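Chain by chain, the residues:
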Amino acid sequence: MVTDAGVGTGKKLGALTGITIDQSGLVYGAYNNGNTVLLGQIPVAQFANAFWFGKK
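Computed from a prediction, not measured in an experiment: that's the story for all the values here. (Residues numbered from 1 in each chain as written. Predicted model: local features only at pLDDT ≥ 70, side-chain atom pairs only at ≥ 80, totals over all residues. Heavy atoms only, no water.)

**Student:** Honestly, a nonpolar patch on the surface in this entry has me stumped. Any pointers?
**Tutor:** Together, I19, I21, L39, I42 and V44 make up an exposed nonpolar region whose accessible area comes to about 460 Å². Note on placement: V44 falls in the segment after β4 (36-41). Overall, V44 belongs to the exposed group, its relative accessible area being 53%. (Patch = residues over 30% accessible without salt bridge, like charges linked within 9 Å, V, L, I, M, F, W, Y side chains within 5 Å. Areas by Shrake-Rupley, 256 points an atom, 1.4 Å probe, with all protein chains shown as cover. Salt bridge = Lys/Arg side-chain N within 4 Å of Asp/Glu carboxyl O. Helix = DSSP H or I, 4+ residues; strand = E, 2+ residues; numbered from the N terminus. Buried < 20%, exposed > 50% of the residue type's maximum accessible area, 1.4 Å probe, protein only.)

**Student:** Explanation requested: the pairing of strand β3 (residues 26-31) in the structure shown.
**Tutor:** Consecutive residues of a regular strand have side chains that alternate between opposite faces of the sheet. Residues V27, G29 and Y31 line the buried face of β3, whereas the alternating positions L26, Y28 and A30 sit on a face that is not buried. Two elements, strand β2 (residues 14-21) and β3, share five bridges in a ladder whose sense is antiparallel. When the bridges of β3 are listed, G18 appears paired with A30. Remark: four residues form the turn of the hairpin made by β2 and β3, two consecutive strands paired antiparallel; G25 in that turn has positive phi of roughly 90°. Looking at chain direction, β3 and β4 are connected through five bridges and run antiparallel. Residue pairing in the sheet places L26 in a bridge with Q41 of β4. Once β3 ends, the chain turns through four residues before running back antiparallel as β4, passing G34 with a positive phi of about 100°. (Pairing = 2+ DSSP bridges.)

**Student:** Quick question: what am I supposed to make of the environment of S24 here?
**Tutor:** Following the sequence through the fold, S24 ends up in the loop between β2 and β3. Assessed through its relative accessible area of 37%, S24 is described here as partly exposed. For the pair S24 and I42, spaced 18 residues apart in sequence, the C-alpha to C-alpha distance is 8.1 Å. Once residues lying within four places of it in the same chain are set aside, the contact partners of S24 are Q41, I42 and V44. In terms of polar contacts, S24 uses its side chain to reach the side chain of D22, at 2.9 Å. (Contact = heavy atoms within 4.5 Å. Polar contact = N/O pair within 3.5 Å; in protein donor to acceptor, adjacent residues only side chain to side chain.)

Listed below in structure tokens is the structure:
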């Protein structure tokens, strides 16, 4: 995958080298030219009593 996020900053195009997801669900792509780009977000939720979901 190639990104054009460096247009105007003097950086060359880069190839995707890694993906990270933070605790709020934001997905970032790291590129071999030093750029880190927000790619998307995964919806996350917190529940007061998550144990309840496992009951039958």
